[in-house]
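This is what each chain is made of:
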Amino acid sequence: MLGKLAFRNVKRSAKDYLVYFLTMTFVTALMFAFNTVIFSKDLQKLVNVVNLMQILIGMATVFVVAIIAWLINYMVRFMLQKRSREFGTYLLLGMRKKTISHLYMRENMALGIGAFLCGLALGILLQQILLSVLYSMLQEQYRLKVYLDGRCVVMTAACYAGCYILALLRCSRRFRKMNIRELMYAGQQNEEIRESHEERKKWLFPMSVLFLGVFGLWLFFGKEWNGGTVICYLVGLVLVIYLFYMGLSSFIVCYVRRKGNAVYRGENLFLLRQFSSKVRTMQFTMGTLTALFTIAFLGCTAAFMFNDYQNQILEGKFPFDVQIFSGEKDEDFARELELLEQQAAVDEAFTYRIYQNGTNQVNVWMYTHLQVFGERFRNADGTPKMENIEESSGGGNWYGKYDTYMSLSVYNHLREMLGYTPVSLKEGEYLLHIKERIYRDTGDFSKELSIQGKDGELHCAGYRTESFSLDGHNGADYVLVVPDSETDAMEVFYSELAADLEGEAPEDLGERLDGLAELSEEEMLDMAGHAEISHHSTGSGTDTMVVYYAKYLVRDNIIPEVKYMLSSIIFPLVYIGLVFLCVALTVLSVQQLSDSAKYKFRYGVLQKIGMKKRTVTGVVGKQLFMYFLCPALFAAVISGIISLYISVKFVDATGVRTSIFQYFGITCALFFGIYAVYFAATYIGFVRNVEES
Amino acid sequence: MKDYIRICDVEKYYGNDSHVTKAVDRVSFTVDQGEFVGVMGASGSGKTTLLNLLSTMDSVTAGHIYYGGTDITELPEEKLADFRKDNLGFVFQDYNLLDTLTIEENIMLAMTLRGKGRNAVREECEKMLGLLGITDVRDQFPYQVSGGQKQRCACARALVNHPQLLLADEPTGALDSRASQTLLETFTEMNRTLFATIFMVTHDAFSASYCSRILFLKDGRIFHELVRKEKDRRRFLGQILDVLSLTGGEFSDAR
């Protein structure tokens, strides 16, 4: 009998909680698909770098589980409150509390298990999409294959069940404490509108807006960054997120009380009051939703940044098929060439030297003028802090011990290999090949340099900014190109080999090359198992996102590896962003749908006092829209400020040629796309509920 | 104006082929302008259905209802809403006030929905609050005031746009005797000073005794009619009770 009752109850409430059910299904599907990445053996075999993605997805899962636990807890409590009258009636009829509590638990379990099973089915589909995206990033062929790994299903089920059991245990405690009277009246508790100290509280609204303004200004122009201020602003931000709604509600109430002009226009009075009273009763939930939206926004924005980086920068970062460094001044790369010939069809292999003349004025200029260094290498009077610079030079730091020079003939040969047009230099001239990102920061600074040639000062003939492997191979951030006669008089700094291969490089070429490196103290392997550049006088430039400071660069091997590492960040961020977004939208949607009974009465009254049915539908739309849009818009403002700031830093640091508004723009498009789906579903359901006789 | 509202052979049937309930069965009567008409009847006699038909909230199965020259049974839904907005005011047993709005705002909203200007809204609202004696509680929310005050607010909201007809469905049903008396006196006052035409459904003889004419409904038909004329209220009440006792009435609220 109880089972039948529970089943009927689930069926009856299914309409109101359909959105919740679908979200739980979707979240289970996401969880299952991402857990596959953690457990997939094929994937583990494929990638031999440290399993960063597994670790990060694992961490993301912790957040996801936490938020799902919150959602379930919220929904279970919410449904209990909405149905308290019904439970009170059961009690009156003589049912025991324990029986009712079991009934309620059974209903929730039925809903949960249903969503879980649907989620698994959808999860298998999502898993295929996710894996094919991942495999294509790794430039591997993916054949559709269903991974129903036991551990993966168990982990998903465990996360899911854990959330449910926690929520239900809390709920049964509530049941034990409640009495019939409380149950019968629990549904009406929210109806009393208590207004007090509104005049005072309304100031929270302009203060919150002001705080956001100050926060934005501080982010963009603030100089004093220390732990204290950061913590102060973070605490302030959290407070603002929660107090904003209290202020907003009071602000509207005061406006209505003051009888502002808008109050006298059509249904505005009704809408403003509805909105303010809803915001007042839900202020804490609204704050939490804003926080979730903000995290979703930021997560997605960051994911798009890395994705953009992956698409724009990575190809240019490794312009040569193979590039090899040697600290030896007369290296002939015989062993490496032999290996290359064995393993691949070499189109061209070119050995050349990088020179130095014992000076480091360009390096010093960079240290003292680049934005990324700030005041670090500069005294108050603008002179360089030489001791700091010397400490930071070489050993894989930003710049080497000396400035790097290349002869014109070598430069033109390399340009030809890369398909660039050759350049010419007259005697007594030099050319700066510099990273585009650095050039955007520095502009023309040749007048501040005094490059000495063998017969006196050289003049700058211009800049070139094409991608040119400036992360420690052909210099760090820049290389000075001088006529061959000048390098003849210089000392060799180190040797390089650049090779063009026919077709793609074999998968294990990089590994085999690394195998040639003799493992001594100087020639270490980095964490990904690659031989590092051994000569401690060179630097790796100021790139911050991906610095691949390795002795052997094989482009076709590195790019998938770096892409995989970047995906390790992108995937969990998207995962968290999507889950948080859906959870927040579900709460908004379910709240409105289950309130529709109360609203039905209100709209009925509006119709009785002369509002047309069509106008009522319009008012429903406006009301829902205000309620949906408010936390989303507020979160968009907060995350917009932070995103723009991060975008500026990101563009500066990586040199991607993207408008700083683009990342946030794409995130907004994605966000409001999903938002529109939830809004439409809620609107349709809501209008149906209101119109139902 | 005579024959201000004409109800001609109105029928309202519910149900399907196998089982038909005649909620209103060939009812005809007229209401003059400025009249205070009451409809009495036992539960299920069709009085609320009749009110719903008059108020355009329900459609007739057959017959016609004329407001002046307009036959509302022929109007399409969109025009009906306009008609309702421009001509009718409602007072219900359960007040039907919006709980998120204060007493004053409930009255204001009825006017702003009709696009009235700021000054008109203010003036009219002030006047109504004063007339109905609820100025003191204007800033309170419905849950903060008594049932009588709520009903007076509903009454103010219904009258603020000067409707052709005020429809009241058991307006005293949820009020104590004192509040009922105050409300009915207000109705009489409104009827006299504002010339409001009132159509009230009630099963309470005491409430009905404030009307100028009473229609008695049974099984969907009018079976009797009482006119107060110059009689005082107490005598009229006696007459009503007589009718009720003759029908073995279920009304036992004579006070």
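About the thresholds
- Residues numbered from 1 in each chain as written.
- Chains lettered and ligands numbered in written order.
- Predicted model: local features only at pLDDT ≥ 70, side-chain atom pairs only at ≥ 80, totals over all residues.
- Heavy atoms only, no water.
- Helix = DSSP H or I, 4+ residues; strand = E, 2+ residues; numbered from the N terminus.
- Rg over C-alpha atoms; globule rule 2.2 N^0.38 Å.
- Buried < 20%, exposed > 50% of the residue type's maximum accessible area, 1.4 Å probe, protein only.
- Contact = heavy atoms within 4.5 Å.
- Lys, Arg positive; Asp, Glu negative; His and termini not counted.
- Charge placed at Lys NZ, Arg CZ, Asp CG, Glu CD.
- Pairing = 2+ DSSP bridges.
- Axes fitted to C-alpha atoms, helices over the stretch in contact; angles between N-to-C directions.
- Phe/Tyr/Trp six-rings, centres within 6.5 Å; stacked < 30°, edge-to-face > 60°.
- Buried area = accessible area lost by both parts, 1.4 Å probe.
- Salt bridge = Lys/Arg side-chain N within 4 Å of Asp/Glu carboxyl O.
- Polar contact = N/O pair within 3.5 Å; in protein donor to acceptor, adjacent residues only side chain to side chain.
- Nonpolar A, V, L, I, M, F, W, Y, C, P; charged D, E, K, R; others polar.
- pLDDT = per-residue confidence, 0-100.
- Parallel < 35°, antiparallel > 145°, perpendicular 65-115°, else oblique.
- Left-handed = near helix turned anticlockwise from the far one by under 90°.
- Patch = residues over 30% accessible without salt bridge, like charges linked within 9 Å, V, L, I, M, F, W, Y side chains within 5 Å.
- Areas by Shrake-Rupley, 256 points an atom, 1.4 Å probe, with all protein chains shown as cover.
- Expected span 1.5 Å × (residues − 1).
- Core = buried A, V, L, I, M, F, W, Y, C linked by side-chain atoms within 4.5 Å.

1. Looking at the overall build of chain B
Right, on to step 1. Counting secondary structure elements, chain B contains eight helices and 10 strands.
Right, on to step 2. The C-alpha radius of gyration of chain B comes to 18 Å, within 12% of the 18 Å expected for a compact globule of 255 residues.
Right, on to step 3. Dimensions of chain B, computed from the C-alpha atoms along their principal axes, are close to 50 × 45 × 35 Å.
Right, on to step 4. Buried positions account for 55% of the 255 residues belonging to chain B.
Right, on to step 5. Considering only intrachain contacts with a sequence separation of at least 6, the fraction spanning at least 24 residues in chain B is 68%.

2. Examining the overall build of chain A
Right, on to step 1. The number of helices and strands found in chain A is 24 helices and 10 strands.
Right, on to step 2. Taking the principal axes of the C-alpha coordinates as reference, chain A spans close to 100 × 60 × 45 Å.
Right, on to step 3. In chain A, which comprises 693 residues, the proportion classed as buried is 55%.
Right, on to step 4. When contacts within chain A are restricted to residue pairs at least 6 apart in sequence, those whose partners lie at least 24 apart make up 82%.
Right, on to step 5. Positive and negative side-chain charges in chain A, numbering 67 and 69 respectively, have mean positions lying 28 Å apart.

3. Let's talk about the sheet that holds strand 5 (residues 70–71) of chain B
Residue and element names in this part refer to chain B.
Right, on to step 1. If you walk across this open sheet you meet the four strands as 2-1-4-5, and the pairing is antiparallel. Of all strands in the sheet, those bounded by a partner on one side alone are strand 2 (20–31) and strand 5.
Right, on to step 2. Two elements, strand 4 (residues 62–67) and strand 5, share two bridges in a ladder whose sense is antiparallel. When the sheet's bridge partners are listed, Tyr66 is paired in strand 5 with Asp71.
Right, on to step 3. Its contacts with the sheet place helix 1 (residues 47–54) against strand 1 (5–15), strand 2 and strand 4, and it is angled at close to 60 degrees to strand 2.

4. Concerning the packing of aromatic side chains
What characterises a pair of aromatic rings is the spacing of the ring centres plus the angle enclosed by the ring planes.
All names here are of chain A.
Right, on to step 1. On inspection of all chains with the given rule, the structure shows 60 aromatic pairs over all chains.
Right, on to step 2. Between the aromatic rings of Phe628 and Phe679, the centroid separation amounts to 5.4 Å while the plane-to-plane angle is 75 degrees, which identifies the pairing as edge-to-face. Taken together, the positions of Phe628 in helix 23 (residues 613–654) and Phe679 in helix 24 (residues 660–691) put the pair 51 residues apart, joining distant regions of the chain. For the pair Phe628 and Phe679, one class covers both residues: buried.

5. With respect to the interface of chain B and chain A
Right, on to step 1. With 30 residues of chain B in contact, the opposing surface of chain A contributes 30 residues.
Right, on to step 2. For chain B, the biggest contributors to the area lost against chain A are Thr100, Arg118 and Tyr143 of chain B; these three give 19% of the whole.
Right, on to step 3. Of the charged contacts, one joins Asp82 of chain B and Lys612 of chain A as a salt bridge, the two residues approaching to 3.3 Å between their closest N and O atoms.
Right, on to step 4. Taken together, the connections running from chain B to chain A amount to eight residue pairs in polar contact (both at pLDDT 80 or more).
Right, on to step 5. Grouping the amino acids of the side of chain B that touches chain A by side-chain chemistry returns 14 nonpolar, four polar and 12 charged.

6. Remarks on the confidence of the model for chain A
Right, on to step 1. Confidence along chain A averages 83 in pLDDT terms, with 93% of residues attaining 70 or more.
Right, on to step 2. Summarising per-element confidence for chain A, the mean pLDDT is lowest in helix 8 (residues 180–186) of chain A (69) and highest in strand 3 (residues 405–407) of chain A (93).

7. So, the packing of helix 3 (residues 103–112) of chain B against helix 5 (residues 147–159) of chain B
All names here are of chain B.
Right, on to step 1. Running from N to C, helix 3 and helix 5 cross one another at 20 degrees; their axes reach a closest spacing of 8 Å. In terms of axis orientation, helix 3 runs roughly parallel to helix 5. For the crossing formed where helix 3 meets helix 5, the hand is right-handed. On helix 5, the residues touching Ile103, Asn106, Ile107 and Ala110 of helix 3 are Cys153, Ala156 and Arg157.

8. What to know about the pattern of salt bridges
Right, on to step 1. A full pass over the atoms with the stated rule returns 26 salt bridges over all chains.
Right, on to step 2. We note a salt bridge from Asp471 of chain A to Lys435 of chain A, for which the minimum N-O separation is 2.7 Å. Of this pair, Asp471 of chain A sits in the loop between strand 7 (459–464) and strand 8 (478–482) while Lys435 of chain A sits in the loop between strand 4 (429–434) and helix 19 (436–442); the two residues are 36 residues apart in sequence, bridging distant segments of the chain.
Right, on to step 3. On the basis of relative accessibility, which here comes to 12%, the residue Lys435 of chain A falls in the buried class.
Right, on to step 4. Ionic pairing is found between Asp9 of chain B and Arg26 of chain B, a salt bridge with its closest N-O pair at 4.0 Å. Here Arg26 of chain B lies in strand 2 and Asp9 of chain B lies in strand 1, a separation of 17 residues in the sequence.
Right, on to step 5. Among the ionic contacts, a cluster of salt bridges with common partners joins Lys259 of chain A together with Glu104, Glu126 and Arg138 of chain B.

9. As for a nonpolar patch on the surface
Residues and elements named next belong to chain A.
Right, on to step 1. Together, Met109, Ile113, Leu117, Ile165 and Leu169 make up an exposed nonpolar region whose accessible area comes to about 470 Å².
Right, on to step 2. Of all the secondary-structure elements, those providing two or more residues to the nonpolar patch are helix 6 (97–137) and helix 7 (150–177).
Right, on to step 3. Of the residues forming the nonpolar patch, the biggest block, three residues, is contributed by helix 6.

10. Focus on helix 4 (residues 118–131) of chain B
Right, on to step 1. Its 14 residues give helix 4 of chain B an end-to-end C-alpha distance of 20 Å, which sits within 8% of 20 Å, the value for a rise of 1.5 Å per residue.
Right, on to step 2. Where helix 4 of chain B terminates, the next one or two residues include Gly133 of chain B, which has phi positive at roughly 65 degrees.

11. Considerations on a positive patch on the surface
Right, on to step 1. A grouping of Arg77, Arg170, Arg173, Arg174, Arg176 and Lys177 of chain A is seen on the molecular surface, where their side chains present a positively charged patch.
Right, on to step 2. Taking relative accessible area as the criterion, Arg174 of chain A reaches 36% and is therefore assigned partly exposed.

12. Structural notes on the nonpolar core
Right, on to step 1. Ranked by internal contacts, the top residues of the largest apolar core, which has 210 residues, are Tyr20, Ile68, Val579 and Tyr603 of chain A together with Phe187 and Ile240 of chain B.
Right, on to step 2. Ignoring any residue separated from it by four or fewer positions in sequence, one finds Phe187 of chain B in contact with Phe36, Val91, Cys155, Leu166, Ala168, Pro171, Ile198 and Met200 of chain B.
Right, on to step 3. Judged by nonpolar contacts, the second largest core, of 29 residues, contains Val39, Leu50, Leu51 and Ile65 of chain B.

13. Considering helix 2 (residues 77–87) of chain B
Right, on to step 1. Residues Leu80, Ala81, Phe83, Arg84, Lys85 and Asn87 of chain B constitute the buried set of helix 2 of chain B.
Right, on to step 2. Where helix 2 of chain B is buried, its residues touch helix 22 (555–608) of chain A together with strand 4, strand 6 (88–92) and strand 7 (165–169) of chain B.

14. Comments concerning the sheet that holds strand 9 (residues 213–218) of chain B
Consider a sheet: its strands pair through backbone hydrogen bonds, and that pairing is either parallel or antiparallel.
Residues and elements named next belong to chain B.
Right, on to step 1. Spatial ordering of the open sheet is given by 6-7-8-3-9-10, a layout of six strands whose pairing is mixed. Edge positions in the sheet fall to strand 6 and strand 10 (221–227), since each of these pairs with one other strand and no more. The mean inter-strand angle of the sheet, taken between neighbouring strand axes irrespective of direction, is 20 degrees.
Right, on to step 2. Of the strand pairs in this sheet, strand 7 and strand 8 (residues 198–202) are connected by four bridges, and their pairing is parallel. Counterpart to Leu167 in the pairing with strand 8 is Phe199.
Right, on to step 3. Sitting on the sheet, helix 2 is in contact with strand 6 and strand 7, with an inclination near 75 degrees to strand 6.

15. Considerations on the environment of Met386 of chain A
Residue and element names in this part refer to chain A.
Right, on to step 1. Along the chain, Met386 falls in helix 17 (residues 386–392).
Right, on to step 2. Looking at Met386, the relative accessible area reads 31%, which means it is partly exposed.
Right, on to step 3. For the pair formed by Met386 and Val364, sequence separation is 22 residues and the distance between their alpha carbons is 8.3 Å.

16. Structural notes on unusual backbone geometry
Right, on to step 1. Notably, Phe333 of chain A is not glycine yet its phi reads approximately 55 degrees, a positive angle.
Right, on to step 2. Inspection of the secondary structure puts Phe333 of chain A in the loop between strand 1 (322–326) and helix 15 (334–343).
Right, on to step 3. Of note, Asp219 of chain B is a non-glycine position whose phi angle comes to about 50 degrees, a positive value.
Right, on to step 4. Within the element layout of this structure, Asp219 of chain B appears in the loop between strand 9 and strand 10.

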